[in-house]
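Fold and geometry: a report
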Amino acid sequence: MTVRGLRLAPFRGLRYAPERISGLAAVTSPPYDVVVRPDGLRHLETADPYNIVRLILPQAADPAARHRQAAETLDRWRADGVLAQDAEPALYVYEQRKGELLQRGLIGALRLTAPEEGVVLPHEGVIDEVVADRAELMRELAANPEPLLLSYRGDGTRTGATAVIERATRGAPLMATTTEDGFAHRLWAVTDPAELAEVDAELSRHSALIADGHHRWATYLRLRAEQGGGEGSPWNYGLVLLVDTARYPLQVRAIHRVLPRLPLKRALDLLDRAGAAHGEGAAFRVRTLEAPLDEALEELEDTPGNAFLLTEGDGVFHLLDRPSPALLARTVDARRPSAWRELDATVLHSTLLDAVWQVPDRPEHIGYLHHIEAAVEQAATHGGTAVLMRAVPEETVRSLAEQGVTMPRKSTSFGPKPATGLVLRTLH
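For the structure given in this document, a descriptive report is provided here. The structure presented is a predicted model; accordingly, all values stated were derived computationally and were not measured.

Notes on a negative patch on the surface
Where like charges cluster on the molecular surface, the negative patch consists of Asp 294, Glu 295, Glu 298, Glu 301 and Asp 302. Considering the arrangement of structural elements, one finds Glu 301 in helix α10 (residues 293-301).

Section: helix α14 (residues 372-382)
Here α14 has its buried residues at Ile 372, Ala 374, Ala 375, Val 376 and Ala 379. As for α14, its buried residues are in contact with β14 (256-259), α10, β16 (307-311), β18 (367-369) and β19 (385-388).

Focus on the packing of helix α5 (residues 128-141) against helix α8 (residues 214-227)
Between α5 and α8, whose axes approach to 9 Å, the crossing angle comes to 60°. Between α5 and α8, the angle is such that the two are oblique. Crossing angle aside, the handedness with which α5 passes α8 is right-handed. Here Asp 128, Val 130, Val 131, Ala 132, Arg 134, Ala 135, Met 138 and Arg 139 of α5 come into contact with α8, specifically with His 215, Arg 216, Ala 218, Thr 219, Tyr 220, Arg 222, Leu 223, Glu 226 and Gln 227. Looking at the contact of α5 with α8 residue by residue, the classes come out as eight nonpolar, three polar and six charged.

Structural notes on the side chain of Gln 103
One can find Gln 103 in strand β5 (residues 101-111). Since its relative accessible area comes to 2%, Gln 103 is described here as buried. With near-sequence residues (within four places) excluded, Gln 103 lies in contact with Tyr 94, Glu 95, Gln 96, Leu 149, Leu 241, Val 243, Tyr 248, Leu 250, Gly 415 and Pro 416.

Comments concerning unusual backbone geometry
Cis geometry marks the peptide bond from Gly 415 to Pro 416, where omega comes out at 5°. Tracing the backbone through its elements, the reader meets Pro 416 in the loop between β20 (413-415) and β21 (425-426). For Lys 410, which is not a glycine, the phi torsion comes out positive at approximately 55°. Residue position: Lys 410 is located in the loop between α15 (394-402) and β20. On the basis of relative accessibility, which here comes to 13%, the residue Lys 410 falls in the buried class.

Regarding the pattern of salt bridges
For the structure shown, the criterion picks out 26 salt bridges. Between Lys 410 and Asp 33 there is a salt bridge; the shortest N-O distance is 3.0 Å. With Lys 410 in the loop between α15 and β20 and Asp 33 in the loop between α1 (24-27) and α2 (39-47), this residue pair connects regions lying 377 residues apart in the sequence. The shortest N-O distance in the salt bridge between Arg 134 and Asp 133 comes to 3.6 Å. Residues participating in the shared-partner salt-bridge network are Glu 95, Arg 97, Arg 104 and Arg 186.

Description of the sheet that holds strand β15 (residues 285-289)
Spatially, β15-β17-β16-β19-β14-β18 is the arrangement adopted by the six strands of the open sheet, whose pairing is antiparallel. Here the strands that pair on one side only, and so sit at the sheet edges, are β15 and β18. On average, adjacent strands in this sheet sit at an angle of 25° to one another, irrespective of strand direction. Taken together, the five bridges between β15 and strand β17 (residues 317-321) define a ladder with antiparallel strand orientation. Paired with Leu 289 across the bridge in β17 is Phe 317. Helix-sheet contacts for α10 involve β15, β16, β17 and β19, and the interaxial angle to β16 is about 155°. Helix α13 (residues 344-356) rests against β14, β16, β17, β18 and β19 of the sheet, and its axis sits at about 60° to β16.

Details of the pairing of strand β11 (residues 208-212)
Regular strands have side chains that alternate between both faces of the sheet. The element β11 is extensively covered by neighbouring structure, given that five of its five residues are classed as buried. As paired strands, strand β6 (residues 120-121) and β11 are joined by two bridges and run parallel to one another. Paired with Leu 121 across the two strands is Leu 209, which belongs to β11. Direction of pairing for strand β8 (residues 148-152) relative to β11: antiparallel, over a ladder of three bridges.

Topic: the environment of Arg 104
Tracing the chain through its elements places Arg 104 in strand β5. Taking the C-alpha atoms as reference points, Arg 104 and His 185, separated by 81 residues in sequence, lie 9.9 Å from one another. The residues contacting Arg 104, other than those within four sequence positions of it, are Tyr 94, Glu 95, Arg 97, Ile 165, Thr 169, Val 243 and Tyr 248. At 2.8 Å, the side chain of Arg 104 and the side chain of Glu 95 are in polar contact.

What counts, and at which threshold
- Residues numbered from 1 in each chain as written.
- Predicted model: local features only at pLDDT ≥ 70, side-chain atom pairs only at ≥ 80, totals over all residues.
- Heavy atoms only, no water.
- Patch = residues over 30% accessible without salt bridge, like charges linked within 9 Å, V, L, I, M, F, W, Y side chains within 5 Å.
- Areas by Shrake-Rupley, 256 points an atom, 1.4 Å probe, with all protein chains shown as cover.
- Salt bridge = Lys/Arg side-chain N within 4 Å of Asp/Glu carboxyl O.
- Lys, Arg positive; Asp, Glu negative; His and termini not counted.
- Charge placed at Lys NZ, Arg CZ, Asp CG, Glu CD.
- Helix = DSSP H or I, 4+ residues; strand = E, 2+ residues; numbered from the N terminus.
- Buried < 20%, exposed > 50% of the residue type's maximum accessible area, 1.4 Å probe, protein only.
- Contact = heavy atoms within 4.5 Å.
- Axes fitted to C-alpha atoms, helices over the stretch in contact; angles between N-to-C directions.
- Parallel < 35°, antiparallel > 145°, perpendicular 65-115°, else oblique.
- Left-handed = near helix turned anticlockwise from the far one by under 90°.
- Nonpolar A, V, L, I, M, F, W, Y, C, P; charged D, E, K, R; others polar.
- Pairing = 2+ DSSP bridges.
- Polar contact = N/O pair within 3.5 Å; in protein donor to acceptor, adjacent residues only side chain to side chain.

Geometric descriptors of this kind do not, in isolation, establish any biological role.
Next up, the structure:
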């Protein structure tokens, strides 16, 4: 049995019983860190009393109470038959489709590996507090409630996992639903030992990039260390969706920042002072754009070098570019590779957030939002500043990851992300 490479194991999925819910679309959710709280949370909670958000984002007075509440909810739903476990272990073929976009992959229990093994490549750092919170939740649930998204580069042939996926999709799916974002979702189970062996033979030759879910991967590793999980332990595996990007390229989008405690006027004033304080001239060039959002974003995309779009949500945008070379030399770690030093996220965090604006990297000071409109709206609501970002090419992400270089956290948003609630994995 091959030791190195990706080892994706079948498991008995825990899935909603269709007759107990108003509809699959009503009980699913985006990943926990994509839900725009509080409005998005309330919307999901009211969609159906059994919406999965009650497990991934439970609401109570303190963290310990939240985690206990989630575990009690899961136990009650299982006892009441709202969630039922499949009879046979399976790998699940998962399809997402919207218009011309088609993505297919395999959901399974991936054997955990240490970073130095080079089998699963992270590309972003994590926040210890978030990992601790996710670990406590999964420990209480004794379950992986949502898969993280991993990408690998297949051989470009119609054999191995590709062949198994294509054969599965010719049959009737276990479930099919369309969520309110317009994505159609379908799920099939692969249980045949010969087909499982075919998948294993191919995947064991590959490594994977964490596209989305760094905190969940770090949580899996922490729980394995705590539980002392050996090769046969369920804690030695974690729930993932594996997508072959040679066949189904992922979309890469930016993650935007909202600084609720930094008014835009102060942000611009601090920029003026930063250059003057060191006799370096302008810290950044700042141009005011009184244009619709889409035109301002187009200008941002067309700007060479490091660039950011600032707004307080009033329809006026400020385009920052041409950072002072002297300022970058003072604030960006020269020991890191040039590809890392030149990232927008590096300059944002090292130069703007840390040195110029002195904004602590804590949840109450920085919000990370996947949707531009939500970022702009939150800046307006809190009287703060939204920093709109550009996406990083997947090739840059993978190249840095293969060098063992970690990008600033929340540098990228890969998608489409798997819907949460279609299949869960228990650890009992």
